[in-house]
Amino acid sequence: MIFDLIKDRRAVFPAQYNDQPIAREDIEKILEAANWAPTHRKTQPWRFKVLTGASKESLGHFLSKKYRETDPRPKELKGRKMIEKTQKAAAMIAICMQRDPAESVPEWEEVAATAMAVQNMWLCCTAMKIGAYWSSPSLIRFMDEFFPLAEGEKCLGFFYMGYYDEEPEPGIRTPIEDKTVWLT
């Protein structure tokens with residue numbers, strides 16, 4: 001059963017979402033799934049900021065404005081799409097990683113643990129028929145201007161979520177044999 005869920009997980013983009021809201025209890029369930037990701041030395045580095053309603057609308061305008069300020073040749077369409085993506089999402093979760101102050105594990109392990117937490121969220125969304133998409137735009141480096149980040153915390157991207165009507169395309173992978181070497 002879990003194998004089928006893993007194979008069915010897809011990126012479902014905001015343009016594919018319908019207008020159905022996601023209940024707070026469902027978002028909490030998705031976050032609880034994230035909380036059970038593996039974590040070396042139990043640092044549990046994942047941190048999440050849930051954006052709904054006005055906060056996600058504000059984020060879209062912030063990203064669009066920051067894009068226009070920082071890109072030497074901004075395109076109007078790209079700035080507008082940043083706003084539209086946040087409007088289409090029923091909810092967004094800012095994916096953050098809190099560095100262990102003791103640095104008891106390498107930073108890459110905490111980033112990996114956070115990514116595993118996101119995979120748990122994504123699998124939970126798949127099981128709940130909620131579309132999801134992890135985006136890591138370069139503008140995440142400015143997120144401390146939009147919401148507070150603790151010392152050692154960094155934003156790794158946004159997890160867009162929304163219900164969808166059309167089933168995603170089936171996944172395609174090259175054979176695992178092409179990526180595996182057996183050493184005996």
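Residues numbered from 1 in each chain as written. Predicted model: local features only at pLDDT ≥ 70, side-chain atom pairs only at ≥ 80, totals over all residues. Heavy atoms only, no water.

**A closer look at the nonpolar core**
Counting residues in each nonpolar core, the largest one holds 25 residues, and the members touching the most others are Ile30, Met121, Cys125, Ile130, Phe159 and Met161. Elements represented by at least two residues in this core include exactly helix H2 (24–34), strand E2 (91–98), helix H5 (107–127), strand E3 (130–135) and strand E4 (153–163). Considering every element that reaches this core, the biggest residue donor is H5, with 7 residues. Once residues within four sequence positions are removed from consideration, Cys125 is found in contact with Ile30, Ile130, Ala132, Phe159 and Met161. Formed by 22 residues, the second largest nonpolar core is a distinct cluster that contains Tyr67, Tyr133, Cys155 and Tyr164. (Core = buried A, V, L, I, M, F, W, Y, C linked by side-chain atoms within 4.5 Å. Buried < 20%, exposed > 50% of the residue type's maximum accessible area, 1.4 Å probe, protein only. Helix = DSSP H or I, 4+ residues; strand = E, 2+ residues; numbered from the N terminus. Contact = heavy atoms within 4.5 Å.)

**Observations concerning the packing of aromatic side chains**
For any pair of aromatic rings, geometry is given as the distance between the ring centres together with the angle between the planes. Applying the stated criterion across every chain yields a total of 5 aromatic pairs. Members of the aromatic cluster, joined through ring pairs, are Phe13, Tyr133 and Tyr160. For Arg9, the ring lying beneath its charged end belongs to Trp122, and the centroid distance is 4.5 Å. Seen from the ring of Phe142, Lys66 lies directly overhead, with NZ or CZ sitting 5.0 Å from the centre. (Phe/Tyr/Trp six-rings, centres within 6.5 Å; stacked < 30°, edge-to-face > 60°. Lys NZ or Arg CZ within 6 Å of the ring centre and 35° of its normal.)

**Considerations on the pairing of E3**
With 5 of its 6 residues buried, E3 lies for the most part within the structure. The pairing of E3 with E4 spans 6 bridges and is classified as antiparallel. Residue pairing for E4: Ser135 is matched across the bridge by Phe158. (Pairing = 2+ DSSP bridges.)

**Describing the packing of H2 against H5**
The geometry of a pair of packed helices is captured by two quantities: the angle between their axes and the separation between those axes. At a minimum axis separation of 7 Å, H2 and H5 run at an interaxial angle of 140°. Comparing their axes, H5 and H2 come out oblique. Judged by the twist between their axes, the crossing of H2 over H5 is right-handed. Mapping the contact onto sequence places Lys29, Ile30, Leu31, Ala33 and Ala34 in H2 and Ala117, Asn120, Met121, Cys124 and Cys125 in H5. Its residues assigned to classes, the contact of H2 with H5 shows 8 nonpolar, 1 polar and 1 charged. (Axes fitted to C-alpha atoms, helices over the stretch in contact; angles between N-to-C directions. Parallel < 35°, antiparallel > 145°, perpendicular 65-115°, else oblique. Left-handed = near helix turned anticlockwise from the far one by under 90°. Nonpolar A, V, L, I, M, F, W, Y, C, P; charged D, E, K, R; others polar.)

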